[in-house]
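# An overview of the molecular structure
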Amino acid sequence: NSFVTRTNTCGELRSAHVGQKVTLYGWVQYQRQGLFLVLRDFQGLTQVIIPQDEAHSHVKELLCTAPLESVVRVTGTVSPRPPGQQNPKMPTGDIEVKAETAEILNSCKKLPFEIKDFIKKSEALRMQFRYLDLRSSRLQSNLRLRSGLVMRMREYLCNLHGFVDVETPTLFKRTPGGAKEFLVPSREAGKFYSLPQSPQQFKQLLMVGGLDRYFQVARCYRDEGSRPDRQPEFTQIDIEMSFVDQAGIQRLIEGLLQHSWPEERGSIMTPFPSMTYEEALAEYGTDKPDTRFGMKIVDISDVLRGSNIHFVQNALSYPHGSIRAICIPQGMRYLTNKDLESLKESAKSQFNQEMMEIICRPDGSWKSLLTKFLGEKEKSELTQVLNMQEDDVVLLAAGEHKQVCSALGALRLLSANLLEAAGLALRDPTAFHFLWVVDFPLFLPKAENPTELESAHHPFTAPHPSDASLLYSDPTKVRSQHYDLVLNGNEVGGGSIRIHSAEQQRFVLEKVLKEDSEVLSHLIEALELGAPPHGGIALGLDRLISLIVDAPSIRDVIAFPKSFRGRDLMGNAPDYVTPEELEPYHIQVSWPLEEKEAKKN
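What counts and what doesn't
Residues numbered from 1 in each chain as written. Predicted model: local features only at pLDDT ≥ 70, side-chain atom pairs only at ≥ 80, totals over all residues. Heavy atoms only, no water. UniProt positions renumbered as here; feature names shortened; annotations may be inferred. Helix = DSSP H or I, 4+ residues; strand = E, 2+ residues; numbered from the N terminus. Buried < 20%, exposed > 50% of the residue type's maximum accessible area, 1.4 Å probe, protein only. Contact = heavy atoms within 4.5 Å. Salt bridge = Lys/Arg side-chain N within 4 Å of Asp/Glu carboxyl O. Core = buried A, V, L, I, M, F, W, Y, C linked by side-chain atoms within 4.5 Å. Pairing = 2+ DSSP bridges. Axes fitted to C-alpha atoms, helices over the stretch in contact; angles between N-to-C directions. Parallel < 35°, antiparallel > 145°, perpendicular 65-115°, else oblique. Left-handed = near helix turned anticlockwise from the far one by under 90°. Nonpolar A, V, L, I, M, F, W, Y, C, P; charged D, E, K, R; others polar. Domains from an automatic or database assignment. Expected span 1.5 Å × (residues − 1).

- As recorded by an unreviewed UniProt entry, the protein chain carries the name SYDM protein and is attributed to Donacobius atricapilla.
- Recorded in UniProt for the protein chain, the comment headed Sequence similarities (unreviewed entry) runs: "Belongs to the class-II aminoacyl-tRNA synthetase family. Type 1 subfamily."

### Digging into the overall build of the protein chain
- The number of helices and strands found in the protein chain is 19 helices and 22 strands.
- Each principal axis of the C-alpha atoms in the protein chain carries an extent, and together these give about 95 × 75 × 60 Å.
- Across the 601 residues of the protein chain, 46% fall into the buried class.
- Contacts in the protein chain between residues at least 24 apart in sequence constitute 67% of all its contacts with a sequence separation of at least 6.

### Details of the environment of I497
- By the element assignment, I497 lies in strand β21 (residues 490–497).
- We classify I497 as buried; its relative accessible area is 9%.
- Spatially, the C-alpha atoms of I497 and I249 are 9.1 Å apart, while their sequence positions differ by 248 residues.
- Excluding anything up to four places from it in sequence, I497 contacts V244, D245, Q246, F460, T461, A462, Q481, Y483, H534 and G535.

### Side note on the pattern of salt bridges
- Per the stated rule, a full pass over the model turns up 37 salt bridges.
- One salt bridge connects K348 with E354, and the closest N-O pair in it is separated by 3.0 Å.
- For K348, a relative accessible area of 34% puts it in the partly exposed group.
- The shortest N-O distance in the salt bridge between K477 and D474 comes to 3.6 Å.
- With a relative accessible area of 57%, K477 lands in the exposed category.

### Considerations on the nonpolar core
- Grouped together as the largest cluster of nonpolar side chains are 40 residues, with contacts concentrated most on I239, I253, L257, F434, L485 and L539.
- Breaking this core down by element, the ones donating at least two residues are α4 (137–161), β10 (233–242), α6 (246–260), β17 (434–438), β20 (482–487), β21, β22 (534–540) and α17 (541–548).
- If near-sequence neighbours (up to four positions away) are discounted, F434 is found in contact with L257, W261, I268, F272, P273, L485, V486 and L487.
- Core analysis: the next-biggest nonpolar cluster, separate from the first, contains 23 residues, I326, L343, A347 and L395 among them.

### Describing the pairing of strand β1 (residues 21–32)
- Across 7 bridges, β1 lies against strand β4 (residues 71–80) in antiparallel orientation. Note that in β4 the partner of V22 across the bridge is G76.
- In terms of strand pairing, β1 meets strand β2 (residues 36–41) through 5 bridges, oriented antiparallel. By the bridge assignment, V28 is partnered in β2 with L39.

### Here's the deal with the packing of α4 against α17
- Across the interface, α4 lies against α17 with an axial gap of 11 Å and an inter-helix angle of 120°. Between α4 and α17, the angle is such that the two are oblique. Here α4 and α17 pass one another in a crossing that is right-handed. When α4 is examined against α17, the residues N142, L145, R146, L149, V150 and M153 are found in contact with a partner set consisting of L541, D542, L544, I545 and I548.
- Split into classes, the residues belonging to the contact of α4 with α17 amount to 8 nonpolar, 1 polar and 2 charged.

### Side note on the sheet that holds strand β6 (residues 164–165)
- Strand order in the open sheet formed by 8 strands is β6-β9-β10-β22-β21-β20-β17-β11, with mixed pairing between adjacent strands. This sheet does not close on itself; its edge strands, each paired only once, are β6 and β11 (274–276).
- Sitting on the sheet, helix α5 (residues 200–208) touches β9 (213–221), β10 and β22, and the angle it makes with β10 is about 25°.

### Observations concerning the domain arrangement of the protein chain
- You can read the domains of the protein chain as domain 1 (15–106), domain 2 (141–275 + 434–556) and domain 3 (293–422).
- Its C-alpha centre places domain 1 at a distance of 51 Å from the equivalent point of domain 2.

### Considering the sheet that holds β4
- Judged by pairing direction, the barrel is mixed, and its 5 strands sit side by side in the order β1-β2-β3-β5-β4 before closing back on the first. Shown here is a sheet whose adjacent strand axes are inclined to one another by a mean of 55°, direction ignored.

### Notes on helix α11 (residues 337–351)
- With 15 residues, α11 extends 21 Å between its outermost C-alpha atoms, agreeing within 8% with the 21 Å of an ideal straight helix rising 1.5 Å per residue.
- The secondary structure elements touched by the buried residues of α11 are β13 (321–328), α10 (331–334), β14 (356–360), β16 (393–400) and α13 (401–421).
- Of the residues one or two after α11, N352 is the one with positive phi, at around 55°.

### Quick notes on unusual backbone geometry
- Cis geometry is found at the peptide bond from T270 to P271, where omega equals -5°.
- Note the cis peptide between A573 and P574, where omega equals 0°.
- With respect to the helices, strands and loops of the structure, P574 is situated in the loop between α17 and α18 (579–582).
- A positive phi angle, near 60°, is found at Q330, a position not held by glycine.
- As for its placement among the helices and strands, Q330 is situated in the loop between β13 and α10.

Pasting the structure below:
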C-alpha cells in the first residue's frame, strides 16, 4: 500500500489488526438493513459496520443509500466480531471495521447484471460490459494466475537460462501457406502489410543474427473464425535457440513448465511421455490424444481375417484397409439406445464411416448382428484382445486405416462425455497429462487437390535426418522434425527444428510446395550468410491457462477477448470508416446491394 492512500486492502485485515485505525477503498458488494455492508477490492472482502449513533448519522445515511457497486472510501477501527458471528469462509471473517468516516467516490447506476459468480448471464452481455465482468472473483483469479505464470516463465528463461526478450514487428508481409492473415493497407497504392500469425521468420533471423536464445510473449493474429479455443488475436510464449536438437527443446519446455506451474495446481512430473504421430493416430485416432483415460483403439484385423463377413473382407482387400474397435466400459449400463444411435450417426455424418456394435450382456452372451458370423474361437479372441467385460459395449469399424481411426477417435471422446454425463467418473478433472507427439509427416495432400502437397505445419520445418534423401525422391514419405505438446487432449504447443540450408529451403518452397520463393527472398538470403542450425517452439498461452484453471473457453482467461464471430462487442469493432479516411490508402468499399439499402435507410 506504499503508493496509494489506503492503509490496507479489503483482504488483508486479521485479528492482529484489532484496535488499528484503517482506511479502505473498494466497491459496495452487499448492504444489509442499514446495519453493515461488505466492501470488496482486488484482494478480498471486509465487513464494515454502519454506525447507528446520532453523531455519525451522516455516515449512516451515506453508506445506507450508496447503490451496490459504488466506489467508496471508509475510515474506521478494526474490531473483533462478536462471539458466534465469525465467518470461517472469509479470510477476514474474524474482524469487522466500525466506520467513522466515509465518502462516495463514484456512485453506480443500475447494473446490467449482478457482479456475482453464481449469477448466470449471457456471454454477449458479459462481453458488452467486460469491465464489469472483470470484477468477478473468477476472472480476477484467472488473470492474476496468468500474470504470475508469465512472470515465472520470464524468470526461468531470462534469468536462469540466458534468453533475450526481443519484441518483433507487428506490421510485416504475407507469409505463404498457413492460416489467413489480416491485411493492413498502406499509403502506397495496392500495397498491404500483414499482421503476423507468428513471429516465425523474425525469430529465425534473430538466430542468424547470433542472439543464440530468443524469447517473447508474442501477440499473434489469424483471420479465421473464433472457436472455444481460438481467437483472431492471441498470445504465445515464443522461443527459438541455436545449436539445439529436438530433445534439447523438449527438456527446456519441461523445465519451464515445472518452474512456472502454479503451486495450487499440484506438481507436474517430467520427463513427459512421448508418442509418434502414427502411434497417436492408431491408438487414439487423433494427433492430440487425451491420455487421462483408456478406451484405446484396438486393431482386430488379424482376429477377423479368417471370417466370412463380407464388409470385413472387403475392407482388408485394400492396401491400407483395417478393422479396429473401441471397448466402452459399462456402456450397456450407462448408455441408452439413443446414445448408441447418436454415436453411429456421428461417425456416418462426420467421417462417412459405418459402425457395428457388440453388446456384452450381464450373462456373458453377445447382442450383435455379427454374432452369427463368428465362431467361438473368434469370439474368445475378441473378448481377450478387447478386454471385454460384462455390460461393455464395443464399437467396430472397417475401412481405410486413417478414416477408421479418426472416426473411432472421435467416438472415443463422445463416449467419454456421455459416460461422464451419466455419472461414471472417467477423467480426473484435477489431473494434467502432458504428452509429446513427434515424427509428423512433413507434407500432406491438399484437401482441395490431393495431387498437390502442403506443409503439415509450416514450410520452414526441417525433414527428419533419416528421411532427408526422400525429400528429393518421394516427399510424401518424409517425416518432419516437428513436435507438438499436448495437455489433456489439447494442443498447447508446437515447434520444430528449422531448415538452415538455403538450397533445401528453396527446394521445399519451389519444387514441393509450388510456392513463389521470391516472397521469402530475405529469409533465403539470410540462410546463405552463415545461418546456424536452430529450432524452437511456441506455447499457446491462452489455451494453457484455460486448461490450468478449467475454463470452458479461452475467452475466460483473456482480459478483453473477441466474440465467437471475432467482434469486440464492448467497443463495437470492427466499425465503418468514412470514404475520406480511406482515400489516403487508395481503397474504395464495394457494398453488397442489401447493405447499400440498409445504409441509405
